[in-house]
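# Summary of structural features
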Amino acid sequence: VAPAEVVTWAVRSGQLPLTSMASAENEVCAVWSVACPSQTWRLQKVQCGLSGAGQVPSTNMAAGDAGRGGVWMGSRADGPRTSGHVTGKMAVFPWHSRNRNYKAEFASCRLEAVPLEFGDYHPLKPITVTESKTKKVNRKGSTSSTSSSSSSSVVDPLSSVLDGTDPLSMFAATADPVALAAATDSSRRKRDRDDNSVVGSDFEPWANKRGEILARYTTTEKLSINLFMGSEKGKAGTATLAMSEKVRTRLEELDDFEEGSQKELLNLTQQDYVNRIEELNQSLKDAWASDQKVKALKIVIQCSKLLSDTSVIQFYPSKFVLITDILDTFGKLVYERIFSMCVDNRSVLPDHFSPENANDTAKETCLNWFFKIASIRELIPRFYVEASILKCNKFLSKTGISECLPRLTCMIRGIGDPLVSVYARAYLCRVARLTWGSVSCSALLLNSVMSAFRAEFIATRSMDFIGMIKECDESGFPKHLLFRSLGLNLALADPPESDRLQILNEAWKVITKLKNPQDYINCAEVWVEYTCKHFTKREVNTVLADVIKHMTPDRAFEDSYPQLQLIIKKVIAYFHDFSVLFSVEKFLPFLDMFQKESVRVEVCKCIMDAFIKHQQEPTKDPVILNALLHVCKTMHDSVNALTLEDEKRMLSYLINGFIKMVSFGRDFEQQLSFYVESRSMFCNLEPVLVQLIHACVAYCFITIPSLAGIFTRLNLYLHSGQVALANQCLSQADAFFKAAISLIPEVPKMINIDGKMRPSESFLLEFLCNFFSTLLIVPHGRGAGVYLTVLVCSTVDSNDSLYGGDSKFLAENNKLCETVMAQILEHLKALAKDEALKRQSSLGLSFFNSILAHGDLRNNKLNQLSVNLWHLAQRHGCADTRTMVKTLEYIKKQSKQPDMTHLTELALRLPLQTRT
Amino acid sequence: MGTALDIKIKRANKVYHAGEVLSGVVVISSKDSVQHQGVSLTMEGTVNLQLSAKSVGVFEAFYNSVKPIQIINSTIEMVKPGKFPSGKTEIPFEFPLHAKGNKVLYETYHGVFVNIQYTLRCDMRRSLLAKDLTKTCEFIVHSAPQKGKFTPSPVDFTVTPETLQNVKERALLPKFLLRGHLNSTNCVITQPLTGELVVESSEAAIRSVELQLVRVETCGCAEGYARDATEIQNIQIADGDVCRGLSVPIYMVFPRLFTCPTLETTNFKVEFEVNIVVLLHPDHLITENFPLKLCRI
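Remember, predicted model here, so these are calculated numbers, not experimental data.

## Remarks on the overall build of chain A
Within chain A, the secondary structure is distributed over 41 helices and six strands. With 916 residues in all, chain A has 48% of them scored as buried. Long-range pairs, those at least 24 residues apart, make up 72% of the contacts in chain A with a sequence separation of at least 6.

Structure, rendered in structure tokens:
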């Protein structure tokens, strides 16, 4: 079809050389409705009168029966159904269609296929953010703070967004320079893994937390590092006279290293600080490697001292991380050195050695370190350094670590600054993970552990925790809360398979003994999820039964609807198979506990929601149907005059979802009786009734093909389509009509009627008449567009292939076209009267295009009509020049084709209006 | 490099008791064969006493320093003059540890005015052309466990402005109440000094609480004796304004070599004390002194 766009037009008037139509004021037009097609369809009679034809100067129309044209839509009183059939006689323009090859045209219109090249830019390719950019942004944030203006030192979150950095890469970038400090990242990870061998690999590794802390606690304030490499003179006494050579060398060594040197580094940015600490970390390693153990110790002491300074408090957590990195390095160096001493040529110490395996030299060295550290003057460094080599206690005694821990813990009490002391505790906890499990603790602590640690970690040790819960001191913190916390963890992570049943038994033993219904339900609610997750309906049934037993006395359930609702939700979440769900005996009795209507409806909604979400296959399972009908009925019965529209819509949606999933397969009787039952049950919800109609329509659609008589089928399709249309089931109607159309080619020439073979033509004709008149009102667009569509419709493939060159059909067809065309012209005139000039113009052009596309313009009358239409389109200056130009170009292009040469002449007759 | 001489004592911690046998090897390592005039090994134990400058005049202190007391001394000829082959030669040795005459093997102690030290010295005499080689090595003597039962002697203490002596203007002191205890002032040298300190109340903020370990050395001589107290180490047990009413542990490991069981002889004495030092803001220093008795069991 040639380009035909409706655009906005400039207003022009009265200058056209040809006025194919009478001017508006002279037209009399009775009712012409262009409203909703379904309404048009109900229109009993449309009359259109035309007067003053004489004023139409020189048109083909004038030559014809202009002025006498009458169109009416006849109503055929055929039962309740009304259908319109155009029977107008207004042979103004005989229709002559041109030959078209749709396939070829389609092929020529298609876009050229271009082979796809992978690897090139593609709009759907994931966006990659270049790291270099984000780094730059970050650096701006941290270094520009040297300038005094504070505004420049802060990265504007909006501008950073404009920079194209997404929050994730920002995060990565902020973490990045800090992460540079972790030169030994891989070794650290390995060490973390080693350490985790005691607590389990599922313990959240420090490396994770570390990165988070560094990224989160940053500052633009100035930092300072104060390192005092003081000599240890006086500590060991100044009388070196009688000292052994070795001690003397030691002391000299002490003096050598920047004796008394005080390094105070002020005005450091965060980045500088990080770099300095990394330098210290490096010099620690260097000192160690060059056997300067004392210097190494000094560095560690000085670094830990920095932790007593809380001046830039928001940076403290990051400082803690950086410095404990150094401590970790130190702890590792000491441990590995001592460990290496235990290795002689013959054997390597196993990872889990006992102190007896360590040789005397190793022990002596280890002891030396402890003595040395015990004499560190200041509390904070002494604490940190000792904690850093806590692991070395393994060389000395089996219980060394666990004996040390309480002492170190008490030692922290001496730290006056609360922040410093809390971080000291944190460090101790981190290094003390090694002795996990050896502590018995209070219920409160246990609960904190269960809520703070990762669920996976807790879950794998569920049995240990149950043991600890049983033994712990309950004062001030009831045990059912502990079981609740444990249950919460188990809902998130799975315990080892072998423990699962035992865990449930142990826990439920305690839960079921809870007297207070509130305590009970709070606990039980959490454990239902665990039960559903890992066990079968049998266990779930037991649990539900237990809940019912606890909650029924004194109507305790009335106070616990939220928890009970949660239980239902969890059960539904894990039992997607509704036949299994409803075979859980206590499920429906459980539902009966919801006696408050609003809650009951809520629960029903949840169930239906889950059903719609999870039920994949249509079902006819009587258990499901019964139960869900009951559920739906509950929902439906809650509807009353006060129910909100929204609520009704929701309920209807849910019930409809259910109805859609019910299928009895080929058993249509059952299906229908189900619909009947549904109808009687859900009569208050209109959308449900609509759904039922849909369902019935669908039922028809399925049933019709099973009939034998082809005309019976055709007519039933038509009738069903009309019913569907009347009930606004447009897509269903469409399906019926399509089915009918595809059935038409199968109509045999002769059919058997009352034992005699008769030609089928008359039947077909009658059917088609009905069919087309119905089609006429099938909404395809709006207003007159319908007719144009019909015009196109009349040449559709199916008809063509059916009737091929049947002249009779063509004649009929042409006749139909003529009628349609006459009507369109009438309508155009009516438009002029209504002063809908733009509409007239666009419709005229559309009409022109249709004729151009389908009509044979070698026919003079058509040719003339198209010229008239062309002028009409441009009249009043309403035409879009661009469209007109394009159309003309199209005609000229077409005229170059061999059998279209006549268009050249036409093109010459089509003037273009210039806008002046 | 030429010839190296080394002494390796068998015990890693080099600790021996009276009556035991000190054993080890002398290691001679060299690329070439070594000519020598004999190798000897000397074991020596001495007490060095020194008078402090405070007790007597500086000049006197240097001059009058008491003559070292030799506790043990023996030399053995390990190898007669000859030649060591190239490579490493190990020569084992054994010394029974017996004091001279009726003398006692005091425990090793490195102090300021008193030093008790035991050494092994290996000498390789060589021809005139080559320098003699000497290697010295200290070993440690622990005195024998004391006989009799060890009885702890706990001590409780309370410190308030009123309990202080040596205060010029008592009225200027901020109010405070410190309570605490030491688990025992009789201490086993291998066990830490332990106790608790509670700051019950204090008007002034606490700056620091420290444990000062002090040695008290007394040297007797004809003219009388000199008694000097010097600090061995100072251990901070509280840093900053600690929580009131929460006990802060008192804990101090006795450093090796710098401490020994409390020692009392005719010529000298070595005793120990601990000071609990509390520093208050802005500048108050409170010291509570506890004499200790160290022993080895």
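## Quick look at the overall build of chain B
The helix and strand tally for chain B stands at one helix and 21 strands. Going through the 297 residues of chain B one by one, you find that 48% of them count as buried. In chain B, of all internal contacts separated by at least 6 residues, the share reaching a separation of at least 24 is 71%. A total accessible area of about 14,800 Å² is found for chain B, and carbon and sulfur atoms account for 53% of it.

## A word on the sheet that holds strand β3 (residues 21–30) of chain B
Sheets are built from strands that pair by backbone hydrogen bonding, the pairs being arranged parallel or antiparallel. Residues and elements named next belong to chain B. Strand order in this open sheet of three strands is β1-β3-β8, and the pairing throughout is antiparallel. Of all the strands in the sheet, just β1 (4–9) and β8 (87–96) have a single pairing partner and so form its edges. Neighbour-to-neighbour, the strand axes of this sheet turn through a mean angle of 20°, independent of strand direction.

## Focus on the pattern of salt bridges
Residue and element names in this part refer to chain A. By the definition in use, this model includes 29 salt bridges over all chains. The residue R555 makes a salt bridge to E558 at a minimum N-O spacing of 2.8 Å. The class of R555 is partly exposed, set by a relative accessible area of 38%. Put simply, R649 and D646 hold a salt bridge, and the shortest N to O gap is 2.8 Å. With R649 and D646 both in helix α29 (residues 645–660) and three residues apart, the pair spans about one turn of that helix. Take R649 and D646: they sit in the same class, and that class is exposed. Three or more residues are tied together by salt bridges with common partners; here these are R484, E525 and K570.

## Some words on the nonpolar core
Ranked by size, the top nonpolar core spans 91 residues in total, and within it W527, V547 and L564 of chain A carry the most contacts. Ranked by the residues each element gives to this core, the list is headed by helix α22 (residues 517–534) of chain A, at nine residues. When neighbours within four sequence positions are excluded, V547 of chain A is seen to be in contact with Y520, I521, A524, L564, I567, F590 and M593 of chain A. The next biggest cluster of nonpolar side chains, apart from the first, holds 81 residues, and it includes Y106, Y109, L164 and V242 of chain B.

## Examining the interface of chain B and chain A
Of the residues lining the interface, 33 residues belong to chain B; the matching set on chain A comes to 33 residues. Across the chain B/chain A interface, buried area totals approximately 2,500 Å², and carbon plus sulfur atoms make up 53% of it. On the chain B side of the interface with chain A, the three residues burying the most area are Q236, D239 and R256 of chain B, jointly 22% of the side's total. Put simply, chain B and chain A have two salt bridges between them. R377 of chain A serves as the salt-bridge partner of E210 of chain B, at 3.6 Å between the closest nitrogen and oxygen. Our count for the contact surface shared by chain B and chain A stands at nine residue pairs in polar contact (both at pLDDT 80 or more). Of all elements in the fold, only β10 (114–124), β16 (206–221), β17 (224–239) and β18 (247–252) of chain B reach the threshold of two or more residues within the side of chain B that touches chain A. Take the side of chain B that touches chain A: its biggest share by element is nine residues, from β17 of chain B.

## Topic: the environment of V209 of chain B
All names here are of chain B. Here V209 lies in strand β16. Overall, V209 belongs to the buried group, its relative accessible area being 1%. With sequence-adjacent residues up to four places away left out, V209 is seen in contact with L197, I235, Q236, I237, A238, I276, V277 and V278.

## Topic: the packing of aromatic side chains
Residues and elements named next belong to chain A. The full count for this structure, using the stated rule, is 31 aromatic pairs over all chains. Where F578 meets F611, the ring centres are 5.1 Å apart and the plane angle is 90°; that geometry is what we call edge-to-face. Taken together, the residues span a long stretch of sequence, with F578 in helix α25 (residues 578–583) and F611 in helix α27 (residues 597–614) at a distance of 33 residues. Here F578 matches F611 in class, with each residue buried. Here a set of aromatic residues connected by ring pairs shows up, and it is made of F578, F582, F587, F611, F658, F664, F674 and Y675. A cation over an aromatic ring shows up here: K293 above the ring of W288, its NZ or CZ 5.0 Å from the ring centre. Positioned over the ring face of F457 is R461, at 3.8 Å from the centre of the ring.

## Side note on the packing of helix α24 (residues 561–574) of chain A against α27 of chain A
Residues and elements named next belong to chain A. Across the interface, α24 lies against α27 with an axial gap of 10 Å and an inter-helix angle of 15°. Classified by the interaxial angle, the pair formed by α24 and α27 is roughly parallel. Relative to α27, α24 is oriented so that their crossing is right-handed. Touching Y561, Q565, I568, K569 and I572 of α24 are V599, E602, V603, C606, I607 and A610, all from α27. Along the lines of polarity and charge, the residues of the contact of α24 with α27 split into eight nonpolar, one polar and two charged.

## Comments concerning helix α15 (residues 400–411) of chain A
For α15 of chain A, which comprises 12 residues, the first-to-last C-alpha distance of 16 Å matches the rise-based estimate of 16 Å (1.5 Å per residue) to within 8%. Buried residues of α15 of chain A: G400, I401, C404, L405, R407, L408 and M411 of chain A, and no others. Where α15 of chain A is buried, its residues touch α14 (379–388) and α16 (418–431) of chain A together with β18 of chain B.

## Thoughts on the pairing of β3 of chain B
Residues and elements named next belong to chain B. With respect to burial, β3 is a largely interior element, eight of its 10 residues being buried. Pairing between β1 and β3: six bridges, direction antiparallel. Each residue of the ladder has a partner; that of K8, found in β3, is V25. When β3 meets β8, the two strands line up antiparallel, connected through 10 bridges.

## Observations regarding the sheet that holds strand β15 (residues 193–202) of chain B
Residue and element names in this part refer to chain B. If you trace the four strands from one edge of the open sheet to the other, you get β12-β13-β15-β18, paired in antiparallel fashion. Two strands close off the open sheet at either side, each with one partner strand: β12 (155–159) and β18. On average, each strand axis in the sheet is inclined to that of its neighbour by 20°, with strand direction left out of account. Sheet topology places β15 next to β18; six bridges connect them, and they run antiparallel. Bridge pairing links E196 to P249 in β18.

## A word on the pairing of β15 of chain B
Across seven bridges, the pairing between strand β13 (residues 176–182) of chain B and β15 of chain B is antiparallel. Counterpart to H181 of chain B in the pairing with β15 of chain B is E196 of chain B.

## Some words on α24 of chain A
With 14 residues, α24 of chain A should cover 20 Å at 1.5 Å per step; its first-to-last C-alpha distance of 20 Å lies within 8% of that length. Turning to α24 of chain A, its buried residues are Y561, Q563, L564, Q565, I567, I568, K570, V571 and I572 of chain A.

## A closer look at the environment of N727 of chain A
All names here are of chain A. Relative to the elements of secondary structure, N727 occurs in the loop between α32 (710–726) and α33 (730–743). Given the relative accessible area of 32%, N727 is considered partly exposed. In sequence terms N727 and I693 are 34 residues apart; their C-alpha atoms lie 7.9 Å from each other.

## Overview of unusual backbone geometry
With an omega of -5°, the peptide bond between H281 of chain B and P282 of chain B qualifies as cis. As for its position among the elements, P282 of chain B is in the loop between β20 (268–280) and β21 (284–295). Even without being a glycine, D554 of chain A presents a positive backbone phi close to 55°. Note on placement: D554 of chain A falls in the loop between α23 (537–551) and α24.

## Notes on the side chain of Q236 of chain B
Note on placement: Q236 of chain B falls in strand β17. On the basis of relative accessibility, which here comes to 5%, the residue Q236 of chain B falls in the buried class. For Q236 of chain B, the side chain forms a polar contact with the side chain of S208 of chain B, separated by 3.0 Å. Other than its neighbours up to four places away in sequence, Q236 of chain B contacts R377, E378, L379 and R382 of chain A together with S208, V209 and E210 of chain B.

## A short note on the confidence of the model for chain B
Looking at chain B as a whole, the pLDDT averages 87, with 94% of positions reaching at least 70. The ipTM value of the predicted complex is 0.91, and its pTM value is 0.53.

The rules behind these values
- Residues numbered from 1 in each chain as written.
- Chains lettered and ligands numbered in written order.
- Predicted model: local features only at pLDDT ≥ 70, side-chain atom pairs only at ≥ 80, totals over all residues.
- Heavy atoms only, no water.
- Helix = DSSP H or I, 4+ residues; strand = E, 2+ residues; numbered from the N terminus.
- Buried < 20%, exposed > 50% of the residue type's maximum accessible area, 1.4 Å probe, protein only.
- Contact = heavy atoms within 4.5 Å.
- Areas by Shrake-Rupley, 256 points an atom, 1.4 Å probe, with all protein chains shown as cover.
- Pairing = 2+ DSSP bridges.
- Axes fitted to C-alpha atoms, helices over the stretch in contact; angles between N-to-C directions.
- Salt bridge = Lys/Arg side-chain N within 4 Å of Asp/Glu carboxyl O.
- Core = buried A, V, L, I, M, F, W, Y, C linked by side-chain atoms within 4.5 Å.
- Buried area = accessible area lost by both parts, 1.4 Å probe.
- Polar contact = N/O pair within 3.5 Å; in protein donor to acceptor, adjacent residues only side chain to side chain.
- Phe/Tyr/Trp six-rings, centres within 6.5 Å; stacked < 30°, edge-to-face > 60°.
- Lys NZ or Arg CZ within 6 Å of the ring centre and 35° of its normal.
- Parallel < 35°, antiparallel > 145°, perpendicular 65-115°, else oblique.
- Left-handed = near helix turned anticlockwise from the far one by under 90°.
- Nonpolar A, V, L, I, M, F, W, Y, C, P; charged D, E, K, R; others polar.
- Expected span 1.5 Å × (residues − 1).
- pLDDT = per-residue confidence, 0-100.

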